[in-house]
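Structural features, examined
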Amino acid sequence: MRFILRNIIRKSRGGAAVKEQIVDAEILLAGRGNDCGVHLPDPRVLLHHAEFTLRKGELYVAPASGADLRVNDNITQMIRLAKGDVVKIGPYDLIVEVNNQQGEVVLSVELVLPLDNDMTRIAAQSNIQTGHFSIRALSWGLALFVAVTFFTVPWVMSVFPDPGPQLNSQKTPLYLTTSTPTAFWSSGDISTAHRFFGEACKTCHVTPFIPVTDGACLSCHKSTEHHADPLKFQFASFEGRACQSCHKEHQGNRTIALSHQEFCAECHQDFNKNAPKSDLLAASDFGTAHPDFKPTLVIDSAIHQVERSQFISASPPPREDSSLDFPHDRHLRVTGVRDPVRGNIKLDCKNCHETDSSGAYMLPISFDKHCHQCHALKFDIYVPDRELMHGKPKEMFKQVSDVYDAIAMRGGYEEPESPPLIRRRPGVQLTEVEKKEALDWAASKTSAILNGRFGKGQCDSCHKIFETPASGGPTGTGWGVEPVSVANAWFPKSRFTHNAHRDTECTTCHRAQTSTTSADVLMPSIATCRTCHGGEHATNKVPSTCISCHGFHRKELDPMKQVVHASGVQPMSTVTKP
Amino acid sequence: MSSETFRVAIVGSGPGGLSAAAHAAKLGVSHVLLERADHLSDTIYKYQRGKFVMSTPDILPLRSDVTFGAGKREGILANWDSQIEELKTNVRFNAEVVAIEKSQAIFKLRLADGSVVEAENVVLAIGLQGNLNKLSCPGSDLPIVQYQLDDPEQYEAETIVVIGAGDAGVENAVALAKQNSVIIINRESEFARVKQGNLTLILNAIEKADIQCYYNAEPVRVEAKAIILTTAEGEARVPCDRIIARIGAAAPRKFVESCGIIFPNAERTSLPEVSSTYESNVPGLYIIGALGGYPLIKQAMNQGFEVIEYILGNKLEPADEPLLQKKFAGLGGADVDAIITEVRTAIPVFGNLNPLLLRETLLESDVHVIKKDGVVFKRNDYTSSFFTIMRGRVDIQFNALDPTQVITLPTGSFFGEMGLISGRRRSATALAATDCVLLETPRRTMLKLIKSVDSVRRTLDQTAIMRQVQTHLAPGVSVADLQALVNTAELKRFKPGDVIFNQGDKGEDMHLIRAGSCTVSMRVGGRDIVLSYVPSGNYVGEMALLSDAPRSATVKAAHATETIQIQGDAFRALLNSQPSLKEKVETKFRQRIMQNEQMQRRPEAGGIIQFLIEQGVGEGTDVLLIDESLCVHCDNCEKACAETHEGISRLNREAGPSFARIHVPTSCRHCEHPHCMADCPPNAIHRAPDGEVFIDDSCIGCGNCERNCPYGVIQMASPPDAKFNLFSWLLFGKGPGPGDEMAFDEANYANQPHGEKQKRAVKCDMCKDIAGGAACVRACPTGAAMRVSPEEFMSVALLGQ
Amino acid sequence: MRQSILVHRNHFFLKIALLVSILAIVAYVWHQPFERPNGGTWLGYTLGVAAGGIMIWLSWFGVRKRQYGIGILNLEDWLSGHVYLGLTLAVVATLHAGFQFGTNIHTALYILMMIVIISGLLGLYFYIRFPLLLTENRRGMTTEIMVQQIADLDRELRQLAMNLDDATNAVVLKATQETIVGGSVVQQLRGYDSSCATAMARLFVERSESNGEDARRRQLLTRMVRKEELLKRMRRDVQLRCLLKFWLVFHVPFSIASLVALLVHVVTVFYYW
């Protein structure tokens, strides 16, 4: 029978073209394939999608296996079609226009869902426009993060009062927690000395936007002395300089004192230009530009007059008038010295010279400790258990006369030359006359001893003796012992630590073996130091800068600045109170 | 009714005719208006629906009883119908006049239906459309064949065959393709006769398979629902629902001549001569409108009005009288006729324009009164107007190096034609030698004159040839010495790609390129290598002549090109008489040889020239190129363009082809002879003194330029609502970003102006109003964008790098 | 034919940059403060001011880039300067810091700044390298043309599959319907599509045993291969173009952040002076 197909082609703006096509077939196939009567050239249609059949004048449609067929929008299997039914095959609508008993069927075929344009679709579903990232949002975010982390948070925290310096407080020192936000503002590690209150910014930074004032420093360092006497040396008074200008903080965990010799050299390089009145010599580098040492000596022991003498290496060398006669050479003789008890023994420096507790300087020599063992002051072999008192000439006379008065009273003295009365057997009562005679002997004997070789003579072996009119002077026998006076530091303006040099022989610096007299100043010249020490930049020697020996702030002078309590800063003492 | 004798019979109800009829009716003169069709003004009636009709020249006042203003076709027609109705004009439709005879002062007009109309005077207002040509093949009378298309939208879902590859055919085909399947039949192998705009339209359509085209096909037979064609492949049967044949029209000349009217010459374009009262050589027979040389609606309508007055024997001063008086005000108030006659007599170029044409020309020209030594224009100015000397003398400094060398032009001669012809910068400086009066005629008017009036073209060409030879070929050689050469010289026109001469040809003629440019190429190892690009003002072909060998290279026109062909022996003679010139030419000759050597060693440079020529860069004067080896696709150039030009970018970086790292983006080349200028109703496209081609505010958005531009660099657009604000965008992303339009904003839509905004044509103006030059180039971060002038850029030196 | 920004104006900005850097280095070496070199010395302050100035100038590029049709300098000049002074900044800023680093805003600023500079170098590499890669990859075709060609291939594919068995037809249809290029930023950057429907379809057709329709299948295959090739190129194109912008995701936000950091740096340094 015949099917009439109306292929409707819609044009834009609603117009439509209808192509009629007549198909004679028993079974009308609808599908993609060329063999289909209803040829639906669209990939969304199956090769054979559906088939139309007529049975006794009724029109039926049935889907091919697996095909999706809708009639009036219901998925269906074989179904009978009436006029006006809409059969959906893929994107096509087939409408039954006419279906009469004469077995004439008119189907209108229309592609209602055409494939959309490939280009537009590709464009639509793929995105080839680049640059789809909101740089703006990211920028805001990051900027905000930075502002909050590094400004807002630290600032808020800085508003809370600082705990202030925490000397010997029990809680962990704040510098161990440098990760706390306020540290974000720190421009560098805080110096060793100040770390313990490193977190307390306001201790030093008192008022915002004002550079740290001296007041802040002085709240602890009240009595930091001048470098030079400001009255004598105006230029060295550092007027108008702040502590800060030399002591820079936040330079790392180290001292904040300047050690650069150049810093000193600024003034001391050609010093006399700056200070014509001063007798200091120019110095800028220990290794190359430093004068030899000038020891400070006793030049008159009687009145203990001390002054800086000429260079140690001068000839004749500087001599000290100590009124003591101590030949180092004899005591250090290699063959040793005779000890009354132990016989012949060998001495070395340590026997007499001991460092003080700090290990820096030597303790003073004391007779009892260092000399007495050999030099016992016996004065009469018939009185073996008595010695002269050292260092007390005035008591010496009484002491000795006491000894002999007692003997005169008791008798039994064994010296043959002495009168029998004295040598009498003890216990014999004396008459008044005999008593007087005995005491006279005692007096004469006393002065004889004191002026004799066991008295005056014995002192003289080490000390200077001076004569006085008979029976005058401290001893009351016409002589006395001059006081010993030794400079307690030959180089008072420098620091030296024996401990640091303990591995070197004393004699490498102090030529004692050959010193025959204690007038010798057994101090080394700069040359000796320079064998090991060079200037700050020395490469082949121990680099030693100015402050290795010399201090900047000099204890003997007045405080450099008056203590001004800058607002808010209290002296530490008050802070540390609980 | 045929017994009645009218005072006036008006043939044709176009603007002219109906205006005349209306006036006659107004004055109660007995008249009849005979219209072939069944409606008024058939030509305009056949415009496509909705076509915008212009009312140029705007300066000309309308003088008619029927009103008229620029507007849509429908409005204008309706208006005329109603007014003709009101004025009780006597119109006879379906009255086609087949013959007009005159017997003792009475005209007998025989109509197609055999009836006769008698009248004392006849006004021919039939225009130029004439009778449509019909298909000659059998079956052409079948109902499916029609010869015009009134409304393309009345057909849907049909298969339509359009015969004819002229503008009409193409326009119909394109319009129909919107909702029909269209097949266009073209006799030739290409669409040679159509406007550039239509050409692009049809070619796109064919490419997009919207329209199917049979080239080199002729209709053989028409059947009930099909047409049989002969094609290259043999006969083809094309089933179709409709056939529309647009195969031109026979000019009405034969008919007009049959009325006893004489034409000045045999040329197709020539028109019958009419007196200043529009009366032809046949007394009582008047001609107005296009047939009389006045294609514009307004002119025709004025003439319609005037001709009735003249027929009644009234004096009437032309409508443009006051305007002309204003123009000549500077000349001490002499009256218009006197001055016009002075122009006629003093200036030979305009000597034999008919008075009306002359008036019109003067109307569009400017009158300059210049004191002695005043500068008219300078060398390298980018102006293209045409000057004629009405009084006084003018010095031309033709030698750039030595301003003392001058040619003095006497009264009546003209100058400035070279810029007009070549479309390039002025090649000389013009100074007033004495106090003088000059007429400056705009390029457009001049081109129209040259096209329509032979005499003008001829005089122009001859002098131009002489001058061009003098300037570009033989500077400092006297006119006398050149005369011989110029007499034998002739003008040649070449279409893009035309061969001027082939490598190996015999022949020793020289070509002086006076407009356009060409490429010199040589066949090396089986492939053409472009050796150089020769812009206008240079000559080619001297090598063969000097070395009397065959042509050493092929010269092709890069685009529409005009050359002056100079006879070889004439030139040789000249050289022998002019040793210094000979010297010059020979040095140039040697340079060429060396250059060719270089180029053969560097074919890629030639390739670049070739490519650029293909992209039409050759006819540009300033082209935007992008060095792809540097371009990072940031589109900052586009953004810069948009932001410096009310939000619309004039260039499309991505689009456009590339070759050897050079990318030619879609952007204006500022052509020597801008295609966009060709057909701009309001004449809104101009060339600025520095050469920028720009569109001014008088643009009416008709889209002609967009269609005419072969490079698709003009777009119709309206500025976006929102302006880009740098900081609010940069910081908060508020408003549109640089270069992109404001996204559609639902909320504000309600209070935004509805309906589409008036679109205007926008194109690159080379940032002529922005100090510092082209924004696109200055905004290029990597320096990839460059603006180049083809001559420089395509010079070997530059490509050498 | 044109010069790249590196050689722009005959290395004018390179020269300036070198001059500044060398001056800075010489000054730094010559200047021996008693404390460790740091931002607090007079040289430190000088370098700091210089660095800050440079940073602000560099950031201004973002604004200047969008100010069109103004200024004496072309954007090319600006970019050239931007690159070279950017590198100088690394030197000047490092010297300003005196190589001192810590857990603080100052070092944070330094790090942010270095990230900006390094990302900038990356971008520079992209700018120098990619244009050529893009050009070569495109072979003179624009994206439109490529899409067009793919679309055409799709049409042909459907045509060819029309009379093949339903299974093949289905995969081919899928292939033509689900052509995706680019997509999310990640996909764009990846530059390939692991689940490319076309590739799947090709494999399917290759594997499926032919039943007579060999010629058709071969045509199918050739077209699918061509389509894949086109897709590959388009994806590469997208990838490159995406990268050309993507580096800015680091460059810009970090430069903004470092501007803020700069402000904080200056304020805090003088807050606790």
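These numbers were taken from a predicted model, which means no experiment stands behind them. (Residues numbered from 1 in each chain as written. Chains lettered and ligands numbered in written order. Predicted model: local features only at pLDDT ≥ 70, side-chain atom pairs only at ≥ 80, totals over all residues. Heavy atoms only, no water.)

Looking now at the overall build of chain B. When its secondary structure is counted, chain B shows 26 helices and 43 strands. Whereas a compact globule of 801 residues would reach a radius of gyration of roughly 28 Å, chain B reaches 30 Å, a difference of no more than 12%. Its C-alpha atoms put chain B at 85 × 70 × 65 Å along the principal axes. Of all 801 residues assigned to chain B, the portion counted as buried reaches 55%. Within chain B, the 98 negative side-chain charges are centred at a point lying 2 Å from the centre of the 83 positive side-chain charges. (Helix = DSSP H or I, 4+ residues; strand = E, 2+ residues; numbered from the N terminus. Rg over C-alpha atoms; globule rule 2.2 N^0.38 Å. Buried < 20%, exposed > 50% of the residue type's maximum accessible area, 1.4 Å probe, protein only. Lys, Arg positive; Asp, Glu negative; His and termini not counted. Charge placed at Lys NZ, Arg CZ, Asp CG, Glu CD.)

Once that is clear, we can look at the confidence of the model for chain B. Residues and elements named next belong to chain B. Looking at chain B as a whole, its pLDDT mean stands at 83, while 94% of the residues score no less than 70. Residue range residues 742-747 is modelled with pLDDT below 50. Its contacts to residues more than four positions away, or to other chains, number 5 contacts. pLDDT under 50 marks residues 752-756. Its contacts with residues more than four places away, or in other chains, come to 2 contacts. Across the interfaces of the predicted complex, the ipTM metric reaches 0.74, alongside a pTM of 0.76. (pLDDT = per-residue confidence, 0-100. Contact = heavy atoms within 4.5 Å.)

Right, let's talk about the side chain of Q615(B) for a bit. Mapped onto the secondary structure, Q615(B) falls in the loop between α19 (603-614) and β36 (623-627). The contacts of Q615(B), once residues within four sequence positions are left out, are P657(B), V664(B), R669(B) and Y711(B).

A few words now on the sheet that holds strand β33 (residues 539-540) of chain B. All names here are of chain B. Pairing within the open sheet is antiparallel, and its 4 strands lie in the order β28-β35-β30-β33. Because the sheet does not close on itself, it has two edges, and the strands there are β28 (490-494) and β33. With 2 bridges connecting them, strand β30 (residues 510-515) and β33 associate as antiparallel partners. By the bridge assignment, H511 is partnered in β33 with V540. (Pairing = 2+ DSSP bridges.)

Once that is clear, we can look at helix α11 (residues 355-364) of chain B. Residue and element names in this part refer to chain B. α11 sits mainly inside the fold: 8 of its 10 residues count as buried. Buried within α11 are the following residues: L356, L357, L358, R359, E360, T361, L362 and L363. Buried-residue contacts for α11 involve α7 (297-311), α8 (321-328), α9 (336-346), α10 (348-351), β27 (436-441) and α13 (443-452).

Before going further, it helps to examine the pattern of salt bridges. Think of it this way: side chains of opposite charge can pair up when their charged atoms draw near. Residue and element names in this part refer to chain A. Here the structure, examined in full by the defined rule, presents 65 salt bridges over all chains. Linking D68 and R70 is a salt bridge whose minimum nitrogen-to-oxygen distance equals 3.6 Å. Look at D68 and you get partly exposed, because its relative accessible area is 39%. For R70, a relative accessible area of 32% corresponds to the partly exposed category. (Salt bridge = Lys/Arg side-chain N within 4 Å of Asp/Glu carboxyl O.)

Residue and element names in this part refer to chain B. Spatially, 4 strands are ordered β29-β34-β31-β32 in an open sheet, and the strand pairing comes out antiparallel. Each edge of the open sheet is held by one strand with a lone partner, namely β29 (499-501) and β32 (527-535). Between one strand and the next, the sheet's axes are offset by a mean angle of 30°, whatever the strand orientation. In terms of strand pairing, β29 meets strand β34 (residues 554-557) through 2 bridges, oriented antiparallel. The residue bridging F501 from the neighbouring strand is V555, located in β34. Set on the sheet, α19 makes contact with β31 (517-524) and β32; between it and β32 the angle comes to about 65°. (Axes fitted to C-alpha atoms, helices over the stretch in contact; angles between N-to-C directions.)

For strand β13 (residues 296-300) of chain A and strand β14 (residues 305-308) of chain A, the ladder comprises 4 bridges, and the chain directions are antiparallel. Within β14(A), the position partnered with V298(A) by the bridge is V306(A).

Of the residues lining the interface, 61 residues belong to chain A; the matching set on chain C comes to 61 residues. Taking both partners together, chain A and chain C bury about 5,200 Å²; carbon and sulfur atoms supply 66% of that area. Our count for the contact surface shared by chain A and chain C stands at 2 salt bridges. A salt bridge links D166(C) to R32(A); its shortest N-O distance comes to 2.9 Å. Linking chain A to chain C there are 23 residue pairs in polar contact (both at pLDDT 80 or more). Only α1 (118-125), α2 (135-159), α3 (201-204) and α6 (261-268) of chain A provide two or more residues apiece to the side of chain A that touches chain C. Residues belonging to the side of chain A that touches chain C are distributed by class as follows: 30 nonpolar, 20 polar and 11 charged. (Buried area = accessible area lost by both parts, 1.4 Å probe. Polar contact = N/O pair within 3.5 Å; in protein donor to acceptor, adjacent residues only side chain to side chain. Nonpolar A, V, L, I, M, F, W, Y, C, P; charged D, E, K, R; others polar.)

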